[in-house]
Amino acid sequence: MAELSYLFQSLDISISASEASKLSRDIFYKTHKLAKEFELTSPPLLHNFLVNIGLREKGLCYQWSDALYAHLSGETYPSFEFHLFGANIGEYFSEHNALVVVAKGQAVQEGIIIDPWRNSGELYFSKVRNDPEYKWKHRSSRGCR
C-alpha cells in the first residue's frame, strides 16, 4: 500500500500524503472485496473460462476495472481522476482492460495502471508508460468523466 501511495504522490507535487494513502488503501480494500465477490480462480484465463461457461458470474478484466471505476468515482478524491483503459481492443483472446489513476488535469498517459485481474486479485500497478506487458489506450467512450 505504501508503494502505491508514493507512486500516487509522484504524479503531482500538490498531492498530499494523506489523500494518496487514503486512495491506496481504498483500492487495496476494494480489490480484496471484489476477489471474494468474484469467487476468484487462478490463473486469470482459467477464471475467464469459468465465467464464459457460466460457472462463475463475474471476474473478467473489464468487470474489475468497471467496478473499481464506479467505486472510486463515487468517493471524494479532489486531486485525482479515474479513467478506463484498454489494450488490444477488439481482439477476443487478448483484449485487456484496466483502471488508470491520474492527477487532476494531467494527461491520461501519465497515469498509473491499476490492474487486479492480471495477477488473480493480487494488485498490479505501474505508470502507464512503464507497463511492459500492454500498450494502453484511453477508453473515453466507455463513460469516463
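Owing to the predicted nature of the structure, the values given are computational and were not obtained by experimental measurement.

Observations regarding the pattern of salt bridges
Evaluated as defined, the whole model comprises four salt bridges. Close ionic contact of Glu95 with Arg139 constitutes a salt bridge, the shortest N to O distance being 3.1 Å. Here Arg139 lies in the segment after β5 (137-138) and Glu95 lies in the loop between β1 (80-87) and β2 (96-103), a separation of 44 residues in the sequence. Given a relative accessible area of 15%, Arg139 falls into the buried group.

Some details on the packing of aromatic side chains
Under the defined criterion, the tally for this structure stands at six aromatic pairs. Each ring, one from Phe38 and one from Trp64, has its centre 5.0 Å from the other, and the planes form 90°; the classification is edge-to-face. Highlighted residues: Phe38 in the loop between α2 (17-37) and α3 (44-52) and Trp64 in helix α4 (residues 61-73), separated in sequence by 26 residues. Under the relative-accessibility criterion, Phe38 is labelled buried at 3%. Relative to Phe82, the ring of Tyr77 has its centre 6.1 Å away and its plane inclined at 80°; by these criteria the two rings are edge-to-face. For Lys22, the ring lying beneath its charged end belongs to Tyr77, and the centroid distance is 4.3 Å. Sitting over the ring of Tyr124, Arg118 keeps its end group 3.7 Å from the ring centre.

Focus: the environment of Phe85
Counting through the fold element by element, Phe85 comes out in strand β1. Sequence spacing of Phe85 and Ser65 is 20 residues, and the spatial spacing of their C-alpha atoms is 8.5 Å. Among residues more than four places away in sequence, those in contact with Phe85 are His96, Asn97, Ala98, Val100, Val108, Gln109, Val128, Trp136, Lys137, His138 and Arg139.

Rules used throughout
- Residues numbered from 1 in each chain as written.
- Predicted model: local features only at pLDDT ≥ 70, side-chain atom pairs only at ≥ 80, totals over all residues.
- Heavy atoms only, no water.
- Salt bridge = Lys/Arg side-chain N within 4 Å of Asp/Glu carboxyl O.
- Helix = DSSP H or I, 4+ residues; strand = E, 2+ residues; numbered from the N terminus.
- Buried < 20%, exposed > 50% of the residue type's maximum accessible area, 1.4 Å probe, protein only.
- Phe/Tyr/Trp six-rings, centres within 6.5 Å; stacked < 30°, edge-to-face > 60°.
- Lys NZ or Arg CZ within 6 Å of the ring centre and 35° of its normal.
- Contact = heavy atoms within 4.5 Å.

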